[in-house]
Amino acid sequence: MSKIKLHNSKARRKELFEPIDPSNVRMYLCGPTVYDRAHLGNARNVIVFDVLYRFFREIYGEHNVKYVRNFTDIDDKINQRAKDLGKEIKLITDETIAWYLEDMELLGNLLPNEMPRATNYVAEMIIMIEDLIKSGHAYEAEGHVLFSVASYKDYGALSGRSIEDMIAGARVEIAPYKANPLDFVLWKPSSDDLPGWESPWGRGRPGWHLECSAMSHDLLGDTFDIHGGGNDLIFPHHENEIAQSKCCFPSGGFANFWLHNEMLQVDGKKMSKSLGNYFTVRDLIEKGFPGEVIRFVFLSTHYRKPMDWTELKANQADSTLKRWYDMCSNLEEDLKPSAEAIEVLSDDLNTPAVIALLHKHFQSKNFAQLKADANLIGLMTPEFKDWAFDFDLSKYEEALMEVRSEAMITKNFDHLDDLKDKLSKAGVEIQMSTDTVKLVPTLKLDLAKLESIL
Ligand code: AMP
Ligand code: ZN
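Being a predicted model, the structure only gives us computed values, none of them experimental.

## Thoughts on the coordination of the zinc ion (ligand 2)
Step number 1: The zinc ion (ligand 2) binds to the protein through Cys30 (SG), Cys212 (SG), His237 (NE2) and Glu241 (OE); the donor distances cover 2.1 to 2.2 Å.
Step number 2: In this structure, the zinc ion (ligand 2) is surrounded by four donor atoms whose angles at the metal cover 76 to 126°, and the resulting shape is irregular.

Okay, structure coming up:
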């Protein structure tokens, strides 16, 4: 078996990866805060972790990998959003989760094995806080409970920064009730108009960091293999997760490996909601970029390098994929991924090298291997296939023209409406002007439904 090396942020270098238990490889990814559509940057770690998940399933066996990704559904941004829109919080979080899952599916990502929500873990979080207070790692002040950073000697080890640097470099909230400016909130009071839970410290809600410690412990145990997220989460989020988990479950090691992806950028700056320099995954899909093309663009850059989205990259990915699909559509063979693909992926998930290998397979007309190696990183998988073919929809266009002319004469539009309805249910977009009809296949194209129309 090829040796897997992954860049471990904790060690600041690539290290040999060996799972704690090869029959139960466990990974945790910090998921989204659900108040609005995911922007394109939010998709990056989902795609990176999906590649890792697929790779591990290939190496250790499909049923021997457990992948957990949470939904943060308690957050002040959500509360604000609910207020702004005059909607119930639960409606907003449910709706956003549904959008998120839809968008991530369009990008070809498998579902994690577990997707816990913070709201289902409040009881566990309260127990953790009680334990931390008992063991002297947390204290109560003015209705808040704070984690005492000074009580954990390794605080800062992940980011490799000194306490002074952390205070200077980050936007650390200074509050009168904090003994140390780096102390962070485990619990805070909720006014009547905010979501809250009863606790020994009054009605309130947990701070953000605690949920990941509670969920990963419940679902993956007190030591697991990999924890990840964007590198913007290293400090304070991951540093705080480590402090809480190690102090609460001192016999465990929390995560052995920390994997962090670099940021998607726009003109050299991180794409983010707060800077306003973002577009959503949905915006791109609606502009006509297929999910597979977006995924291809992401995988063309190594996950630890910053990257930009450009339409040029997308157009190149589009034509490459179409050329590949043209040659791979009727393959009978179902191959395993090549040793070479496994080897390059084993080197800290080198997806650009896998894509270079795919080009090589294409040049040497090794189409069955091209498809098998593409599948390894979640490209050319069955759920993606349809968009890349140039469907000939002309017979449906002619039929629609004819039915419309008929309707103009008879003034009975039932038949026309019925045909239009069937076409759009088959995933075809209808563009009609006074004298033309154009049909455009969408990502939702359903061939069986289409063929049953005429
Ligand atoms: P949030 O919903 O803001 O907590 O972010 C969800 C995830 O998206 C986190 O893991 C972030 O690290 C990640 N993320 C946010 N912005 C970017 C970006 N521009 N590029 C890559 N990842 C990002
Ligand atoms: Zn987290």
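## Comments concerning the site of ligand 1
Step number 1: What surrounds ligand 1 is a group of 16 residues, the closest being Asn42, Asn45, Asp232, Leu264 and Met271.
Step number 2: At 2.5 Å from an oxygen atom of ligand 1 is found a side-chain nitrogen or oxygen belonging to Asp232.
Step number 3: Here Met271 contributes a backbone N or O atom positioned 2.8 Å from a nitrogen atom of ligand 1.
Step number 4: Coverage of ligand 1 by the protein amounts to 88% of the 490 Å² it exposes when considered alone.
Step number 5: For the shell around ligand 1, the residue count by class is six nonpolar, seven polar and three charged.

## Notes on the pairing of strand β10 (residues 254-261)
Step number 1: Here β10 lies mainly inside the structure; seven of its eight residues are buried.
Step number 2: As paired elements, strand β9 (residues 223-230) and β10 share seven bridges and run parallel to each other. Bridging across to β10, Ile226 finds its partner in Phe257.
Step number 3: Once the chain exits β9 it traverses helix α7 (residues 234-248) before rejoining the sheet at β10, and the crossover so formed is right-handed.

Scoring rules and cut-offs
Residues numbered from 1 in each chain as written. Chains lettered and ligands numbered in written order. Predicted model: local features only at pLDDT ≥ 70, side-chain atom pairs only at ≥ 80, totals over all residues. Heavy atoms only, no water. Donors = N, O, S within 2.8 Å, 3.2 Å for Na, K, Ca; no water. Tetrahedral: all angles 85-135°; square planar, octahedral: opposite > 155°, others 65-115°. Near = heavy atom within 4 Å. Polar contact = N/O pair within 3.5 Å; in protein donor to acceptor, adjacent residues only side chain to side chain. Areas by Shrake-Rupley, 256 points an atom, 1.4 Å probe, with all protein chains shown as cover. Nonpolar A, V, L, I, M, F, W, Y, C, P; charged D, E, K, R; others polar. Buried < 20%, exposed > 50% of the residue type's maximum accessible area, 1.4 Å probe, protein only. Helix = DSSP H or I, 4+ residues; strand = E, 2+ residues; numbered from the N terminus. Pairing = 2+ DSSP bridges. Right-handed = clockwise from strand over helix to strand, strands pointing away.

So, to be careful, I would describe these as geometric facts and stop short of saying anything about function.
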